[in-house]
Amino acid sequence: MANTVPDISLNDGNTIPQLGFGVFQIEPKDTAEAVGRALEIGYRHIDTAEMYGNEAEVGEGIRASGLDRSEVFVTSKLNNGFHRPEDARRAFESTLAALKTDYVDLFLIHWPLPTRYDGDFVSTWKTLEEFQRDGRARSIGVSNFQVPHLERLAAEADVVPAVNQIEVHPYFTNEQVRAYGNTHGIPTEAWSPIAQGRVLDDPTVVDIAEQVGRTPAQVVLRWHVQRGDIVFPKSTTPKRIEENFRIFDFTLDDTAMERISGLDKGEPGRTGPNPDVFDYIPA
Ligand SMILES: NC(=O)c1ccc[n+]([C@@H]2O[C@H](COP(=O)([O-])OP(=O)(O)OC[C@H]3O[C@@H](n4cnc5c(N)ncnc54)[C@H](OP(=O)(O)O)[C@@H]3O)[C@@H](O)[C@H]2O)c1
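This section reports on the structure supplied with the text. (Residues numbered from 1 in each chain as written. Predicted model: local features only at pLDDT ≥ 70, side-chain atom pairs only at ≥ 80, totals over all residues. Heavy atoms only, no water.)

1. Considerations on empty space enclosed by the protein
To locate leftover empty space, one rolls a probe as large as a water molecule over the atoms. The cut-off we apply is this: The distinction between a cavity and a pocket rests on a 1 Å grid over the protein atoms alone: a 1.4 Å probe fits inside a cavity but cannot get out, while a pocket stays open yet meets protein on both sides within 12 Å along at least five of seven lines, and a residue with an atom within 4 Å of a point counts as lining. Grid points are joined across faces, edges and corners, and a volume is the space filled by probe spheres set on the points. Basically, the charged four are Asp, Glu, Lys and Arg, the nonpolar ten are Ala, Val, Leu, Ile, Met, Phe, Trp, Tyr, Cys and Pro, and anything else, Gly included, counts as polar.
For the coordinates displayed, the defined rule picks out 1 cavity of 30 Å³ or more. In this model, the largest cavity occupies a volume close to 40 Å³. The residue makeup of the lining of the largest cavity, split by class, is 5 nonpolar, 3 polar and 2 charged.

2. Thoughts on helix α8 (residues 216-227)
Defined as follows: Starting at the N terminus, helices and strands are each numbered in turn, a helix being any DSSP run of H or I of at least four residues and a strand any DSSP run of E of at least two. What a helix is expected to span follows from its residue count: subtract one and scale by 1.5 Å. To sort residues, take the accessible area from a 1.4 Å probe on protein chains only and compare it with the maximum for the residue type: under 20% means buried, over 50% means exposed, and anything in between is partly exposed. We call two residues contacting when some pair of their heavy atoms lies within 4.5 Å.
Over its 12 residues, α8 extends 17 Å from the first C-alpha to the last, a length consistent with the 16 Å expected when each residue adds 1.5 Å. The element α8 is largely enclosed, with a buried count of 10 among its 12 residues. Turning to α8, its buried residues number three or more, namely Ala217, Gln218, Val219, Val220, Leu221, Arg222, Trp223, His224, Val225 and Arg227. Looking at the buried positions of α8, the neighbouring elements they touch are α6 (175-183), β9 (188-191), α7 (203-212), β10 (230-231), α9 (238-245) and α10 (254-261).

3. What to know about the side chain of Ser192
Take Ser192: it is sitting in the loop between β9 and α7. Excluding residues that lie within four positions of it along the chain, Ser192 makes contacts with Val168, His169 and Thr271.

4. Section: the sheet that holds strand β4 (residues 45-47)
Backbone-to-backbone hydrogen bonds pair the strands of a sheet. The strands run either parallel or antiparallel. Put simply, the rule reads: The rule for pairing is simple: two strands pair if DSSP sees at least two bridges between them.
Taken in spatial order, the 8 strands line up as β3-β4-β5-β6-β7-β8-β9-β10 in an open sheet, and their pairing is parallel. Across the chains shown, the open sheet's two edge strands, defined by having one partner strand only, are β3 (21-22) and β10. Where strand β6 (residues 104-109) and strand β7 (residues 137-143) come together, 5 bridges link them in parallel fashion. Across the sheet, the residue bridging to Val104 is Ala137, located in β7.

5. Focus: the packing of aromatic side chains
Inclusion rule: Any Phe, Tyr or Trp ring, taking Trp's six-membered ring, that has another such ring centre within 6.5 Å forms a pair; planes under 30 degrees apart are called stacked, those over 60 apart edge-to-face, and the others tilted. The criterion for a charge sitting over a ring is simple: Lys NZ or Arg CZ within 6 Å of the ring centre, and within 35 degrees of the ring normal.
This structure, assessed with the given rule, holds 10 aromatic pairs. Summarising the aromatic geometry, the rings of Phe24 and Tyr52 are spaced 5.0 Å apart at their centres and angled 40° between planes, so their arrangement reads as tilted. Of this pair, Phe24 sits in the loop between β3 and α1 (28-41) while Tyr52 sits in the loop between β4 and α2 (55-65), and the two are 28 residues apart along the sequence. For Tyr52, a relative accessible area of 16% translates into the label buried. Seen in terms of ring centroids, Phe92 and Phe131 are 4.2 Å apart; in terms of plane orientation they differ by 10°. Their pairing is stacked. With Phe92 in helix α3 (residues 85-99) and Phe131 in helix α4 (residues 122-133), the pair connects residues that are 39 residues apart, well separated along the chain. Across this residue pair, the class does not change: Phe92 and Phe131 are buried. Members of the aromatic cluster, each reached through a chain of ring pairs, are Trp111, Trp191, Phe278 and Tyr280. Across from the ring centre of Tyr103, 3.8 Å away, lies the NZ or CZ of Arg138, which sits over that ring. Over the aromatic face of Phe250 sits the side chain of Arg222, whose NZ or CZ is 6.0 Å from the ring centroid.

6. Focus on the nonpolar core
Stated precisely, the cut-off is as follows: The criterion is simple. A nonpolar core is a set of buried Ala, Val, Leu, Ile, Met, Phe, Trp, Tyr and Cys residues joined through side-chain atoms within 4.5 Å.
Counting 69 residues, the largest nonpolar core has Phe21, Ile46 and Leu252 as its most contacted members. When residues no more than four places from it in sequence are discounted, the contact partners of Leu252 are Ile208, Val212, Val219, Arg222, Trp223, Gln226, Met257 and Ile260. Counting 15 residues, the second largest nonpolar core, distinct from the first, contains Ile16, Tyr117, Phe232 and Phe278.

7. Re α3
For α3, built from 15 residues, the straight-helix expectation of 21 Å at 1.5 Å per residue is met to within 8% by its first-to-last C-alpha distance of 21 Å. Three or more residues of α3 are buried, namely Asp87, Ala88, Ala91, Phe92, Thr95, Leu96 and Leu99. Where the residues of α3 are buried, they touch α2, β5 (73-78), β6, α4 and β7. Just downstream of α3 lies Lys100, where phi reads positive at about 55°.

8. Some remarks on the layout of surface pockets
Considered as a void within the structure, the largest pocket measures approximately 840 Å³ in volume. Here the lining of the largest pocket gets 3 residues from one element, more than from any other, and that element is α9.

9. What to know about the pattern of salt bridges
Filter applied, for reference: Here, a salt bridge means any side-chain nitrogen of Lys or Arg that lies within 4 Å of a carboxyl oxygen of Asp or Glu.
Scanning the model with the defined rule gives 16 salt bridges in all. Each of Arg37, Glu40, Glu242 and Arg246 takes part in one network of salt bridges that share partners.

10. Observations concerning the site of the ligand
What counts, and what does not: A single heavy atom is enough: if one lies within 4 Å of a molecule or strand, its residue is considered near that molecule or strand. Pairing of N or O atoms within 3.5 Å defines a polar contact, subject to two protein rules: one partner must be a possible hydrogen donor and the other a possible acceptor, and residues neighboring in sequence count only if both atoms are side-chain atoms. Values of accessible area rely on a 1.4 Å probe in the Shrake-Rupley scheme; residue burial ignores everything except the protein chains shown.
Looking at the ligand, there are 29 residues lining it, with Asp47, Lys234, Ser235, Thr237 and Arg240 nearest. Between the ligand and His110 there is a distance of 3.4 Å, counted from an oxygen atom to a side-chain nitrogen or oxygen. At 2.6 Å from an oxygen atom of the ligand is found a side-chain nitrogen or oxygen belonging to Ser235. Out of a free accessible area of 910 Å², the ligand has 88% covered by protein chains.

Written out as structure tokens, the structure is:
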């Protein structure tokens, strides 16, 4: 079985590689090299954010790879301090300038911040609609949106988000939000797909890994892709960057899939904050 990364179709006619490379918590000084390594291995999708402070180095890594800009799917995200339309416009320009590109493939509202900005994320979303209309964001989407937030966009906005990027891994399967996405044409992007490493020594995961002759990380990433979600594990370890890419040349049977889904702990299983109350604005 060849290890080929499938494309997922988005509701706006574009496609996204189902596996990408995440760069959260990669130091700027290490980012270009890590991105270069990922591209060399075959990743063609990079997930960054203004908040990560490494957009410039992501751009540098892509340019140094010698690949054409059109060959790499690049996502970035609007930082929490810039939800007001005029700030969002300036922040988006800074993102493009840092990446040294004319467009991003996907631009997301990073967090809904329902307790900030008088609860208004709709005007922010409509500003992203402008970026898509003028071609500087090929696709636009959201991150950390809960079902009521998505329902509100459906009622008040014109464009359906192309993706919703949310925390999903075996300890927090986030089924309700995923189910809303599935029935409304919004693919789920699963962030912290291996729970920042926390699920890798789970006895069930280790047992399945032994059965299929793969590593725990490969098994968990394979579980995500068989559920249809998009993933972008982060690593600065060359061997792991390669390991995480080799997940399309084996399958998990229904029993293994169900055993992994059964590890869900609900709300206590989160590694990150609950989007209903998260209100962090970087200084
Ligand atoms: N939208 C959001 O709010 C949001 C929030 C969090 C994350 N994200 C996105 O999702 C991406 C992934 O999430 P994440 O970075 O939080 O966590 P993650 O990908 O679940 O886990 C990364 C951690 O696991 C380790 N690791 C990676 N591959 C491994 C392997 N094969 N075996 C053992 N350990 C391994 C890494 O260590 P080393 O680096 O030392 O190898 C790192 O400590 C982020 O980079 C970012 O793009 C988005």
